[in-house]
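Working through the structure, step by step
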Amino acid sequence: MDRIRITGGVPLAGSITISGAKNAALPLMTCGLLTDDRLVLSNVAKLADLQTMAELLAQHGIAVEPEGRSLSLGGRITNTEAPYEIVCKMRASFLVLGSLLARCREARVSLPGGCDIGTRPVDLHLKGLEAMGAVIKLDAGYIDATAPTGLRGANIVFPFVSVGATENLLMAASLAEGTTVLKNAAREPEIADLAKCLIAMGAEITGIGTDTLTIEGKKTLHGADHAILPDRIETGTYACAAAITGGKIFLENARTDDLGAVISALTEAGIIITPARNGFWIERTGKLRGTDVKTEPYPGFPTDMQAQFMALMAVAEGASMITETIFENRFMHVPELNRMGARINAHASSAIIRGVHHLSGAQVMATDLRASVSLVLAGLAAKGQTTISRVYHLDRGYEAVEEKLAACGAKIERLS
């Protein structure tokens, strides 16, 4: 099993190109189930999670062919079962349910897996599909869904914001009969990117960027070309890398308009952000200031940036508090950061961080995707050498992380 070794204390300097968004690419790939035509996605990152989705689509009959930084998807659905062996690896695999049901009027999909950061139930997905006429049964860890007469449009009000449920029902509604209205829908940029791709495929969707999406169902969708938006979480992560090392880097292909809450928190912490053509500069010249944040649905501070910001606050002056409102088990990186000399006290949904002058290198273990990169950030700032094990989590969501950081001067290497 691979490990990453970092010798810290080097301020980053240089340029990092931001890859296409993982959290946009996964639902976009499932759009390949909505048409027999070819769907071409460009600006695609090379990530383990995308390979997992390609394997899942292949066993449904959809060929996924890489062409440089693009993926070409095409084929006819030959199988409507999404097996446990693949779905257990990644929660986003559950997104095939809505598309399969809309196209084939039946689907058998294993309950999902992924990072162990909370229960993350799928009841909102199922209740929404039931409102659209689906019959749902649970059988031996699988969801058996049928819609003998096809899905019908419905008015669906989410009791709380769910990105996955919004994506699943948005795709299903694009081929349902009649009008579907999704209220209290997720507003993440990745949702808007999905809607834009569906429109390019012939769907009719209004309300993009708001919490109310209206979808006029179509009998068929066609192929399209779509460029995936830049990854805002990767952008925020490398912004934290520059900040925690006291460096200055240019984030190419990055967009500040998708990162409002993160930009605000970084600015409050004393980070200088300078927009430029095709990206922005991120720089720290003074000391970090303790800053409180609370994770919330978009446009609030993203839960996927919580661990990275905690690593940053571990070396800030004064105290800060981070409150996690999305997932109930997303502080597993706290003990590992404390092993490196951080002073973090987590209780229930909040963590108090008392900044220290420096962190110390140590042997630590990654517990999930974002926790793993928070340890990379801590290692970049720490005195001495840090070795991070179980970095397969990192490969799920960050493309060539060692190469990108090393190009900016970081002393980082992967150990096989």
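A few points on the structure.

Conventions used here
Residues numbered from 1 in each chain as written. Predicted model: local features only at pLDDT ≥ 70, side-chain atom pairs only at ≥ 80, totals over all residues. Heavy atoms only, no water. Helix = DSSP H or I, 4+ residues; strand = E, 2+ residues; numbered from the N terminus. Rg over C-alpha atoms; globule rule 2.2 N^0.38 Å. Buried < 20%, exposed > 50% of the residue type's maximum accessible area, 1.4 Å probe, protein only. Contact = heavy atoms within 4.5 Å. Areas by Shrake-Rupley, 256 points an atom, 1.4 Å probe, with all protein chains shown as cover. Lys, Arg positive; Asp, Glu negative; His and termini not counted. Charge placed at Lys NZ, Arg CZ, Asp CG, Glu CD. Phe/Tyr/Trp six-rings, centres within 6.5 Å; stacked < 30°, edge-to-face > 60°. Lys NZ or Arg CZ within 6 Å of the ring centre and 35° of its normal. Salt bridge = Lys/Arg side-chain N within 4 Å of Asp/Glu carboxyl O. Pairing = 2+ DSSP bridges. Axes fitted to C-alpha atoms, helices over the stretch in contact; angles between N-to-C directions. Polar contact = N/O pair within 3.5 Å; in protein donor to acceptor, adjacent residues only side chain to side chain.

Here we take up the overall build of the protein. Broken down by element type, the protein carries 14 helices and 24 strands. Taken over C-alpha atoms, the radius of gyration comes to 21 Å for the protein, in line with the 22 Å a tight globule of 416 residues would show. Taken along its principal axes, the extent of the C-alpha atoms in the protein is 65 × 45 × 40 Å. Relative to its 416 residues, the protein shows a buried fraction of 56%. The long-range fraction of contacts in the protein, counting pairs at least 24 apart against all pairs at least 6 apart in sequence, stands at 74%. In the form shown here, the protein has an accessible surface area of approximately 15900 Å², with 50% of it arising from carbon and sulfur atoms. Of the charged side chains in the protein, 40 are positive and 44 negative, and the gap between their average positions amounts to 4 Å.

For the coordinates displayed, the defined rule picks out two aromatic pairs. For the ring pair Phe250 and Trp281, a centre distance of 5.2 Å and an interplane angle of 50° mean the geometry is tilted. One end of the pair, Phe250, is in strand E15 (residues 248-252); the other, Trp281, is in strand E17 (residues 279-283), with 31 residues separating them in the sequence. Across from the ring centre of Tyr142, 4.3 Å away, lies the NZ or CZ of Arg108, which sits over that ring. Here Lys248 stacks its cationic end above the ring of Trp281, 5.1 Å away from the centre of that ring.

Here the focus is the pattern of salt bridges. In the structure shown here, the tally under the stated rule is 23 salt bridges. Between Asp304 and Arg370 there is a salt bridge, and its shortest N-O distance comes to 3.8 Å. On the criterion of sequence distance, the pair formed by Asp304 in the loop between strand E18 (293-294) and helix H10 (306-313) and Arg370 in helix H12 (residues 369-381) is long-range, its members being 66 residues apart. With relative accessibility at 17%, the residue Asp304 sits in the buried group.

The next thing to look at is helix H4 (residues 96-104). In terms of burial, H4 is largely enclosed, as seven of its nine residues are buried. All of the buried residues along H4 are Val96, Leu97, Gly98, Ser99, Leu100, Leu101 and Ala102. One or two steps after H4, the chain reaches Arg105, where phi turns positive at roughly 65°.

Mapping Ser374 onto the fold places it in helix H12. Dropping the residues within four chain positions of it, Ser374 is found in contact with Ala307, Gln308, Ala311, His333 and Leu337.

Our next topic: the pairing of strand E7 (residues 106-110). When strand E6 (residues 81-82) meets E7, the two strands line up parallel, connected through two bridges. Paired with Ala82 across the strands is Val109, a residue of E7. Relative to strand E9 (residues 142-146), E7 is paired through five bridges, and the arrangement is antiparallel. Bridge assignment links Arg108 to a residue of E9, and that residue is Asp144.

What follows deals with the sheet that holds strand E22 (residues 363-365). One open sheet holds the four strands; their spatial order is E22-E23-E1-E24, and the pairing between them is mixed. Looking at strand neighbours, the two that pair on one side only are E22 and strand E24 (411-415), the edges of this open sheet. Going across the sheet, the axis of each strand differs from the next one's by a mean of 20°, ignoring polarity. Sheet topology note: the E22/strand E23 (residues 385-389) ladder contains three bridges and is parallel. Bridge assignment links Gln363 to a residue of E23, and that residue is Thr387.

Another aspect to go through is the pairing of strand E1 (residues 3-7). Of the two faces of E1, only one is covered, namely that formed by Ile4 and Ile6; the face formed by Arg3, Arg5 and Thr7 stays uncovered. As defined by bridge partners, E1 adjoins E24 across five bridges and the pair is classed as antiparallel. For Arg5, the partnering residue across the bridge sits in E24 and is Glu413. Both E1 and E23 contribute to a ladder of five bridges, which runs antiparallel. Across the sheet, Arg5 pairs through a bridge with Thr387, a residue of E23.

This part is about the side chain of Ser174. In this fold, Ser174 is placed in the loop between helix H6 (163-173) and strand E11 (179-183). Under the relative-accessibility criterion, Ser174 is labelled buried at 0%. A polar contact of 2.6 Å, which involves the side chain of Ser174, links it to the backbone oxygen of Met171. If we skip the residues at most four places from it in the chain, Ser174 touches Leu34, Leu198, Ala203, Ile215, Gly217, Lys218 and Leu221.

Another point: the environment of Ala21. Mapping Ala21 onto the fold places it in the loop between strand E2 (13-17) and helix H1 (22-30). For Ala21, a relative accessible area of 1% puts it in the buried group. When the C-alpha atoms of Ala21 and Gln385 are compared, they prove to be 31 Å apart, with 364 residues separating the residues in sequence. Residues in contact with Ala21, not counting those within four places in the same chain, are Ile228, Leu229, Pro230 and Asp231.

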